[in-house]
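# Report on the structure
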2 protein chains.
Amino acid sequence: MTAALERISSQRAFGGWHQRWRHESTATRCAMTFGLYLPPQVEDGARVPVVYWLSGLTCTDENFATKAGAQRVAAELGLALVLPDTSPRGEGVPDAERYDLGQGASFYVNATQAPWATHFRMYDYVVDELPTLVEANFPVSDARAIAGHSMGGHGALMVALRNPERYRSASALAPVVNPMQVPWGREAFAQYLGADEAAWQRYDSCALLRAATVPVPMLVDQGGADAFLDTQLQPDALRQAATERDWPLTLRMQPDYDHSYYFVASFIEDHLRFHARHLP
Amino acid sequence: MTAALERISSQRAFGGWHQRWRHESTATRCAMTFGLYLPPQVEDGARVPVVYWLSGLTCTDENFATKAGAQRVAAELGLALVLPDTSPRGEGVPDAERYDLGQGASFYVNATQAPWATHFRMYDYVVDELPTLVEANFPVSDARAIAGHSMGGHGALMVALRNPERYRSASALAPVVNPMQVPWGREAFAQYLGADEAAWQRYDSCALLRAATVPVPMLVDQGGADAFLDTQLQPDALRQAATERDWPLTLRMQPDYDHSYYFVASFIEDHLRFHARHLP
């Protein structure tokens, strides 16, 4: 166990343990907290595959942990869940007055612009530092999947598209699929990455999918009554890019569902079963 | 639809609808909010049985709604869920500085003492007013079960013991079974009911069970790592009373589980299946 890894809590859930951990991050240069669910199978000495979950705007590691009901399914399937925070946090970390920029709103990029560039390196944190830490310290394997909601759905698809050798599958609920073309993404990318839109393409799932060479199986669910559907989410853009490339994407519209955790909870079981089919 | 019943929200969840409603209560003389889950079966015109859920100290109708994952099971079993608040609330309703008295801490009694007696009539609200309202306005039947957590577990067992003709079954997670004998109950009952402990017995499940004549099937789960186990909960007192009376109680200790919603979420499926076996 790394000395710098501090356990905040450990609670029995569905026969396994839901834990919260804190550590000093090299990538984000601040203390980071993450959630970890270890399913009952680890008590038999098994190293289990991991589903990384990226949350949406304003969330911490706790929203998905307490509201999605995912531990129940992870316990059945023998999956660990790793739940990073949505940004660096704390005193000394820059923030904004608005909910869609700064703390709680990293968009999972490596920022290059002041004042963000020092701490907002969540891409490196999620792709490299956190898996390395988790795989060195807990009974998990290096078989990984990645999933997320809204801003975190963007993060999950984007990270998988850029690292197909690191993730067996990716999924998203109500993801921002085309951040370069919608207000949330354009305003955050301008702040974090600067005015040159060429630098934005590496974080745009539609752009990445058009250029991808190694397929990653993807499942996306989108609620039909989601208030952000037309302005921020626009899943048809991803569908069109996937059709052009004959990409292994299943995109399902779910009538009447909104953007909330009731939607996430209703379909998380399908997502975890999808990942389990691609994990050893 | 009663004109005074105001819908706050309605969200798709697990093929049904999770809603919040507000109404002026006759019993508590203030506006009350409750949660309602209607399972998919009502869309076929069915009137479905109802499980009433009473929450614990500090909760509103939303804690169980967002954290327990109960809608998934209710959708499968064709059960409605009705989630009352834990007390009257708002300006003009008395409160206390402490978390275990006043707003959020009714203990589901009809208070007789000042300043509580005017509004704190949650027993009447839960047993009479709310079921009458729900059965008149929603596609539910008069087949009822009642369940709860902690202070709400006390409420569920107590209400069922006093009204065996109104509830087919009762269940509780980490209930206060013997409030007359533990600090939470003694302090609240002294405030709400006065110093004469004879008046407390009608709200004490162990006392009620010893005097009960009509059996109600009961399921109780208790976490072995619950920080309140020895001081406030003491399920062995209920077990002993049940053994004396040959009462249909199943009481299960669950090693390592604490008092949190991770515990509730881990076992709510068992509780709803237990109730479904007793509901038409």
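Once a new chain begins, its residue numbering starts again from 1 and follows that chain's sequence as written. By the order in which they are written, chains take letters starting at A while ligands take numbers starting at 1. Totals for whole chains, interfaces and linings use every residue, but because this is a predicted model, local features are given only for residues with pLDDT of at least 70 and side-chain atom pairs only at 80 or more, for both listing and counting. Heavy atoms throughout the structure, all of them, feed into the side-chain values; hydrogens and water do not.

### Some remarks on the nonpolar core
- For our purposes a nonpolar core is just a set of buried Ala, Val, Leu, Ile, Met, Phe, Trp, Tyr and Cys residues, chained together by side-chain atoms within 4.5 Å. Three exposure classes are used, based on accessible area relative to the maximum for each residue type with a 1.4 Å probe and protein chains only: buried under 20%, partly exposed in between, and exposed over 50%. If you look at the biggest cluster of nonpolar residues, it comprises 103 residues, and the most contacted ones within it are Phe34(B), Phe64(B), Ile146(B) and Tyr192(B).
- Not counting chain neighbours up to four residues away, the residues in contact with Ile146(B) comprise Tyr52(B), Leu54(B), Val126(B), Ala156(B), Val159(B), Ala160(B), Tyr167(B), Ser169(B), Ala170(B), Ser171(B) and His275(B). Contacts were defined at the residue level, with two residues in contact if any of their heavy atoms lie within 4.5 Å.

### Side note on the interface of chain B and chain A
- Facing the 21 residues of chain B at the interface are 21 residues of chain A.
- Together chain B and chain A conceal approximately 1,900 Å² of surface at their shared face, both sides included; 54% is due to carbon and sulfur atoms.
- Within this document, salt bridges are pairs made up of a side-chain nitrogen of Lys or Arg and a carboxyl oxygen of Asp or Glu, the two lying within 4 Å of each other. Here chain B is connected to chain A by 2 salt bridges.
- A salt bridge links Arg12(A) to Asp256(B), with the shortest nitrogen-to-oxygen separation between them at 3.7 Å. Values labelled buried area give the accessible surface lost by two parts on being combined, using a 1.4 Å probe and summing over both.

### A closer look at the sheet that holds strand E3 (residues 31-38) of chain B
Residues and elements named next belong to chain B.
- Strand order in the open sheet formed by 9 strands is E1-E2-E3-E5-E4-E6-E7-E8-E9, with mixed pairing between adjacent strands. A strand with exactly one partner marks an edge of an open sheet, and here the two such strands are strand E1 (6-13) and strand E9 (249-254). Ignoring strand direction, the axes of neighbouring strands in this sheet form an average angle of 20°.
- Looking at chain direction, strand E8 (residues 218-223) and E9 are connected through 6 bridges and run parallel. Among the inter-strand pairings, Leu219 is bridged to a residue of E9, identified as Thr250.
- Across the sheet, helix H3 (residues 122-137) touches strand E2 (16-24), E3, strand E4 (48-54), strand E5 (80-84) and strand E6 (140-149), and the angle it forms with E6 is around 145°.
- The strands that helix H4 (residues 151-162) touches are E4, E6, strand E7 (169-173) and E8; relative to E6, the one it contacts most, it runs at about 135°. At least two bridges found by DSSP between two strands is the condition for calling them paired. In this text, helices come from DSSP runs of H or I with a minimum length of four residues, and strands from runs of E with a minimum of two, each type numbered from the N-terminal end. Think of each axis as a best-fit line through the C-alpha atoms, taken over the contacting stretch in the case of a helix, with angles from 0 to 180 degrees between the N-to-C directions.

### Describing the UniProt feature "active site" (unreviewed entry) in chain A
Residues and elements named next belong to chain A.
- UniProt positions are given in the numbering used here, feature names are shortened, and annotations may be inferred rather than shown by experiment. In this structure's numbering, the residues bearing the UniProt feature "active site" (unreviewed entry) are Ser150, Asp226 and His259. These residues run over 110 residues, yet every pair of their C-alpha atoms falls within 10.7 Å of each other.
- Here Ser150 lies in the loop between strand E6 (140-149) and helix H4 (151-162).
- Those residues within four positions of Ser150 in sequence are excluded, and the remaining contacts are Gly56, Leu173, Ala174, Pro175, Val176, Trp184 and His259.
- Tracing the chain through its elements places Asp226 in the loop between strand E8 (218-223) and helix H7 (229-233).
- The residues touching Asp226, leaving out its near neighbours within four places in the chain, are Ala174, Leu233, Tyr257, Asp258 and His259.

### Quick word on the packing of helix H2 (residues 70-77) of chain A against helix H9 (residues 261-278) of chain A
Residues and elements named next belong to chain A.
- Two elements in contact, H2 and H9, have axes separated by 9 Å at closest approach and are oriented at 30°. Taken together, the axis directions place H2 and H9 in an arrangement best described as roughly parallel. The crossing of H2 and H9 is right-handed. Between H2 and H9, the contacting residues are Ala70, Arg72, Val73, Ala74, Glu76 and Leu77 on the first element and Ile268, Glu269, Leu272, Arg273 and Ala276 on the second. Oblique is the label for every angle not falling under 35 degrees (roughly parallel), over 145 degrees (roughly antiparallel), or within 65 to 115 degrees (roughly perpendicular). Working rule for handedness: look at the near helix, and if it is turned counterclockwise from the far one by less than a right angle, call the crossing left-handed; if clockwise, right-handed.

### Some words on the relation of the copies chain B and chain A
- Residues below a pLDDT of 70 in either copy are left out; the C-alpha atoms of the rest, at least 70 in both, set the least-squares superposition of the copies. Laying chain B over chain A is done by rotating through 180° and shifting 0.0 Å along the axis; what remains is an RMSD of 0.0 Å. Here the copies are linked by what is in effect a two-fold axis. Ranked by how close their C-alpha atoms come to the rotation axis, the residues of chain B are headed by Lys67(B), at 2.4 Å.
- When the interface residues of chain B are mapped onto chain A, 100% of them again fall at the interface, so both copies present the same face.

### Re the sheet that holds strand E4 (residues 48-54) of chain A
All names here are of chain A.
- An order of E1-E2-E3-E5-E4-E6-E7-E8-E9 is seen for the 9 strands of this open sheet, with the pairing classed as mixed. Looking at which strands have only one partner, the edges of the open sheet turn out to be strand E1 (6-13) and strand E9 (249-254). Strand after strand, the sheet turns through a mean of 20° between neighbouring axes, direction not considered.
- Relative to strand E3 (residues 31-38), strand E2 (residues 16-24) runs antiparallel, the two being bridged by 8 bridges. Of the residues in E3, the one forming a bridge with Arg22 is Thr33.
- Contacting E4, E6, strand E7 (169-173) and E8, H4 crosses the sheet at an angle of about 135° to E6.

### What about the pairing of E5(B)?
Residue and element names in this part refer to chain B.
- Counted residue by residue, E5 has 5 buried out of 5 residues, so it is predominantly covered.
- Of the two faces of E5, the one holding Ala80, Val82 and Pro84 and the one holding Leu81 and Leu83 are both buried throughout.
- Here 4 bridges tie E3 to E5, and the two strands are oriented antiparallel to one another. For Phe34, the partnering residue across the bridge sits in E5 and is Pro84.
- Note: E4 against E5, 3 bridges, orientation parallel. By the bridge assignment for E5, Val50 is matched with Ala80.

### A word on helix H5 (residues 183-193) of chain A
Residue and element names in this part refer to chain A.
- Listed as buried for H5 are Trp184, Gly185, Ala188, Phe189, Tyr192 and Leu193. In an axial view of H5, the angular spread of the buried residues amounts to 105°, which keeps them on one side of the axis.
- Close packing links the buried residues of H5 with H4 and H7.
- In the stretch just after H5, Gly194 is the one whose phi turns positive, near 90°. Relevant arc is that of directions from the helix axis to the C-beta atoms, nothing else.

### Brief notes about the environment of Met151(B)
- You can see Met151(B) is positioned in helix H4.
- Each C-alpha atom of the pair Met151(B) and Pro175(B) lies 6.2 Å from the other, and the pair is 24 residues apart in sequence.

### With respect to the packing of aromatic side chains
- Here a pair means two rings of Phe, Tyr or Trp (six-membered ring of Trp) with centres within 6.5 Å. Their orientation is stacked below 30 degrees between planes, edge-to-face above 60, and tilted elsewhere. Considering all chains together, one arrives at 26 aromatic pairs over all chains under this definition.
- Residues Phe120(A) and Tyr192(A) carry aromatic rings whose centres are separated by 5.6 Å and whose planes lie at 20° to one another, so their mutual orientation is stacked. With Phe120(A) in the loop between strand E5 (80-84) and helix H3 (122-137) and Tyr192(A) in helix H5, this pair connects stretches of sequence that are 72 residues apart. An identical accessibility class is assigned to Phe120(A) and Tyr192(A); each is buried.
- Ring geometry for Tyr257(A) versus Phe267(A): centroids 4.9 Å apart, planes at 70°, classification edge-to-face. Taken as a pair, Tyr257(A) in the loop between E9 and H9 and Phe267(A) in helix H9 lie far apart in primary sequence, 10 residues in all. One exposure class covers both Tyr257(A) and Phe267(A), and it is buried.
- Members of the aromatic cluster, joined through ring pairs, are Phe107(A), Tyr123(A), Phe189(A), Trp200(A) and Tyr203(A).
- Remark: a charge is flagged as sitting over a ring if the NZ atom of Lys or the CZ atom of Arg is within 6 Å of the ring centre and within 35 degrees of the ring normal. Over the aromatic face of Tyr123(B) sits the side chain of Arg162(B), whose NZ or CZ is 4.1 Å from the ring centroid.
- Across the ring face of Tyr203(B), the terminal group of Arg162(B) is positioned such that the distance to the ring centre comes to 4.9 Å.

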